[in-house]
Amino acid sequence: MDFCATQRRFLNFVLESDSMNLHEYQGKEILASFGVNVQRGIVADSPKKAVEAAQSLTESTGTAWHVIKAQIHAGGRGKGGGVKLAKTLDEVKSIAQEIIGMQLITPQTPPEGKTVHQILIAEDVYYPGESETSEIYMSVLLNRASGKNMIMYSTEGGMDIEAVAEKTPHLIFTEEIDPSLGLQAFQARKIAFNLGLSGFAFKEMTKFVSALYKAYVGSDASLFEINPVLKTSDDKIMAVDAKVTLDDNALFRHKDYAELRDLKEENPVEIEANEAGLNYVDLDGNVGCMVNGAGLAMATMDLIKQSGGDPANFLDVGGTADAARVETAFRLILKDPKVKAILVNIFGGIVRCDRVAQGIVDAYQNMGDAIKVPIIVRLQGTNAEQAKELIDASGLNVLSATAFEEAAQKVQSVL
Ligand code: GDP
Ligand code: MN
């Protein structure tokens, strides 16, 4: 399960294209509103506000030390220099100056990184005390195989969970929750027990898990990933980090959450595609891809790899592929200068292949010389043969195929 950034983004596209990611500080606010214990913090967008935030936190918490955390939609910020400890207000100021505006590169950002516009000033909760602090991993997600929610947890928090899964899979536990019963008290106790907790920390953990699960269901989330959940040296349990992904389709029930969307974090082409009712994901390769359906997107990924290429992006046109829609799709795909060829891989079921082929030919002709790269079209399904004939007869710079291998060869021939 060692995902590179490209695969991670692609999987998100396939599995979670109907979702909205939040910043850590927004996720923590939602958790806190459901009674989940979180590391307290205040968001700021300037060094001056950061210092004011630190002062006000010191007044309410009593701690003079603060942690300054870059707010971007990507994990691994600690490794990339986006999480720093400040022991004085001067340090808060200088760290804030350094982090705000920086281009933060982590294993989960695109290669060029992401610009930091906001930072979270949080109380330092790793203070030394009688016993040791420990970092725990916990996530809540839907197990698609069983159709049940599940809590995944591990004593190996703080680090990359994919690495834990690879090296020490026996240290990752899962607890499935029957949706009709909700999380049962015995399950919360089992989790606290498996995490090796006892006494006050054990009790705190059962409360934490129950509140976390209520928050997950109540906010219509599709993913909570809390890494780390901290056991403090005085045995409190709290969320130090929060990756919260909400289900887009449920936002009508949460008008206040809909406003949390940060368009600065989203690729401008993705936003444009969204507005046109298309699904788009930006990747790092050289082949632009137009598909219908997430399953076919997976197969297309294989097809391109087989041809020695790498996807530059994926665009899902969904159920209709008329000329207007295909044209919009071509224009969006071509906004990416990395695109050296476009592969159209469409299965004609309800939408007949010859209709799609006509859409492609019409769109191509409408666009005049806007298309400067070769297009490979693989249409399979209803009326696939007629579709191929239509394209071959058009005289355009479009290569057609019906078989998977043939399409792979044609992509290879133009790269
Ligand atoms: P991520 O790297 O993007 O996952 O960001 P996290 O919020 O998980 O923070 C990364 C790491 O910073 C954590 O695993 C901790 O080791 C450290 N960290 C976070 N909060 C504190 C804090 O309050 N005090 C100290 N000393 N370290 C912290
Ligand atoms: Mn983390």
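Note that the coordinates shown come from a computational prediction; the quantities given were computed from them, not determined experimentally. (Residues numbered from 1 in each chain as written. Chains lettered and ligands numbered in written order. Predicted model: local features only at pLDDT ≥ 70, side-chain atom pairs only at ≥ 80, totals over all residues. Heavy atoms only, no water.)

Novice: Lay out the coordination of the manganese ion (ligand 2) in plain terms, naming residues and giving numbers.
Specialist: Taken together, Asn-227 (O) and Asp-241 (OD) make up the full set of protein donors to the manganese ion (ligand 2), lying 2.2 Å away. In this pair, Asn-227 sits in strand 11 (residues 221-231) while Asp-241 sits in the loop between strand 12 (237-239) and strand 13 (243-247), placing the two residues 14 residues apart along the sequence. (Donors = N, O, S within 2.8 Å, 3.2 Å for Na, K, Ca; no water. Helix = DSSP H or I, 4+ residues; strand = E, 2+ residues; numbered from the N terminus.)

Novice: Tell me about the packing of helix 12 (residues 323-334) against helix 13 (residues 353-366), and please be specific about residues and values.
Specialist: What describes two packed helices is the angle between their axes and the distance between those same axes. Interhelical geometry of helix 12 versus helix 13 gives an angle of 60 degrees and a closest axis separation of 8 Å. What the angle tells us is that helix 12 and helix 13 run oblique. Crossing handedness for the pair helix 12 and helix 13: right-handed. Contacts between helix 12 and helix 13 involve Ala-323, Val-326, Glu-327 and Phe-330 on the former and, on the latter, Gly-359, Ile-360, Asp-362, Ala-363 and Asn-366. Of the residues that constitute the contact of helix 12 with helix 13, the class distribution is 5 nonpolar, 2 polar and 2 charged. (Axes fitted to C-alpha atoms, helices over the stretch in contact; angles between N-to-C directions. Parallel < 35°, antiparallel > 145°, perpendicular 65-115°, else oblique. Left-handed = near helix turned anticlockwise from the far one by under 90°. Contact = heavy atoms within 4.5 Å. Nonpolar A, V, L, I, M, F, W, Y, C, P; charged D, E, K, R; others polar.)

Novice: Account for the packing of helix 11 (residues 294-306) against helix 15 (residues 404-414), with residues named and values stated.
Specialist: One way to put it is that helix 11 packs onto helix 15 with a least axis distance of 8 Å and a crossing angle of 50 degrees. As judged from the angle between their axes, helix 11 and helix 15 are oblique. Of the two possible hands of crossing, helix 11 and helix 15 adopt the one that is right-handed. Here helix 11 contributes Ala-299, Asp-302, Leu-303 and Gln-306 to the contact with helix 15, which in turn contributes Phe-404, Glu-405, Ala-407, Ala-408 and Val-411. Taken together, the residues that form the contact of helix 11 with helix 15 break down as 6 nonpolar, 1 polar and 2 charged.

Novice: Got a sec to walk through the environment of Lys-410? Specific residues and values, please.
Specialist: In this fold, Lys-410 is placed in helix 15. For Lys-410, a relative accessible area of 22% translates into the label partly exposed. In this structure, the C-alpha to C-alpha distance between Lys-410 and Ile-375, residues 35 residues apart in sequence, is 9.5 Å. Residue contacts for Lys-410: discarding those within four places in its chain leaves Ile-376, Leu-399 and Ser-400. (Buried < 20%, exposed > 50% of the residue type's maximum accessible area, 1.4 Å probe, protein only.)

Novice: Describe the site of ligand 1, listing the residues and the values that go with them.
Specialist: Around ligand 1 sit 18 residues in total, of which Gln-39, Lys-69, Arg-77, Gly-78 and Asp-124 are the nearest. Here Lys-69 contributes a side-chain N or O atom positioned 2.6 Å from an oxygen atom of ligand 1. Between ligand 1 and the protein, one listed contact pairs an oxygen atom with a backbone N or O atom of Gly-78 at 2.8 Å. For ligand 1, whose accessible area on its own is 570 Å², the fraction buried by protein is 80%. Where the shell around ligand 1 is concerned, the elements lending two or more residues are strand 3 (66-71), helix 4 (77-80), strand 4 (83-86) and strand 11. Classifying every residue of the shell around ligand 1 gives 7 nonpolar, 5 polar and 6 charged. (Near = heavy atom within 4 Å. Polar contact = N/O pair within 3.5 Å; in protein donor to acceptor, adjacent residues only side chain to side chain. Areas by Shrake-Rupley, 256 points an atom, 1.4 Å probe, with all protein chains shown as cover.)

Novice: Break down the pairing of strand 15 (residues 287-291) for me, citing the residues and quoting the values.
Specialist: Burial analysis of strand 15 places 5 of its 5 residues in the buried class, the great majority of the element. In this fold, strand 15 hands off to helix 11, which returns the chain to strand 16 (residues 311-316); that crossover is right-handed. By the bridge criterion, 5 bridges tie strand 15 to strand 17 (residues 341-348) in an arrangement that is parallel. Note on strand 17: the bridge partner recorded for Cys-289 is Leu-343. (Right-handed = clockwise from strand over helix to strand, strands pointing away. Pairing = 2+ DSSP bridges.)

Novice: Let's hear about the environment of Val-36: which residues, and what values?
Specialist: Turning to its location among the elements, Val-36 is positioned in the loop between helix 2 (24-33) and strand 2 (41-44). For Val-36, a relative accessible area of 4% corresponds to the buried category. Linking Val-36 and Val-361, residues 325 residues apart in sequence, is a C-alpha distance of 56 Å. Ignoring sequence-local partners within four residues, the contact set of Val-36 consists of Leu-31, Phe-208, Ala-211, Leu-212 and Ala-215.

Novice: Can you break down the pattern of salt bridges residue by residue, with the values?
Specialist: This model, assessed by the stated rule, comprises 24 salt bridges. Glu-175 is the partner of Lys-190 in a salt bridge, and the nearest nitrogen-oxygen pair spans 2.9 Å. With a gap of 15 residues between them, Lys-190 in helix 7 (residues 185-194) and Glu-175 in strand 10 (residues 172-177) connect regions that are remote in the sequence. Note on Lys-190: relative accessible area 39%, which makes it partly exposed. Salt-bridge contacts for Lys-305 lead to Asp-310; the nearest nitrogen and oxygen are separated by 3.0 Å. A relative accessible area of 32% places Asp-310 in the partly exposed class. (Salt bridge = Lys/Arg side-chain N within 4 Å of Asp/Glu carboxyl O.)

Novice: Lay out the pairing of strand 18 (residues 375-381) in plain terms, naming residues and giving numbers.
Specialist: Strand 18 sits mainly inside the fold: 5 of its 7 residues count as buried. Between strand 17 and its parallel partner strand 18, the chain crosses via helix 13, and the hand of that crossover is right-handed. Here strand 18 pairs with strand 19 (residues 398-401) via 4 bridges, running parallel. Bridged to Arg-378 within strand 19 is Ala-401. Regarding topology, helix 14 (residues 384-393) serves as the crossover connection from strand 18 to the parallel strand 19, and that connection is right-handed.

Novice: Which residues make up the nonpolar core, and what values do they have?
Specialist: Grouped together as the largest cluster of nonpolar side chains are 40 residues, with contacts concentrated most on Leu-31, Met-138, Ile-151 and Met-205. When residues of this core are traced back to their parent elements, those giving at least two are helix 2, strand 8 (134-143), strand 9 (148-154), helix 7, helix 8 (199-218), strand 11, strand 12 and strand 13. Setting aside chain neighbours within four positions, we find Leu-31 in contact with Val-36, Val-38, Leu-212, Ala-215, Phe-224, Ile-226, Ala-239 and Ala-242. Ranked by size, the runner-up nonpolar core spans 36 residues in total, among them Met-290, Ala-321, Ile-346 and Val-398. (Core = buried A, V, L, I, M, F, W, Y, C linked by side-chain atoms within 4.5 Å.)

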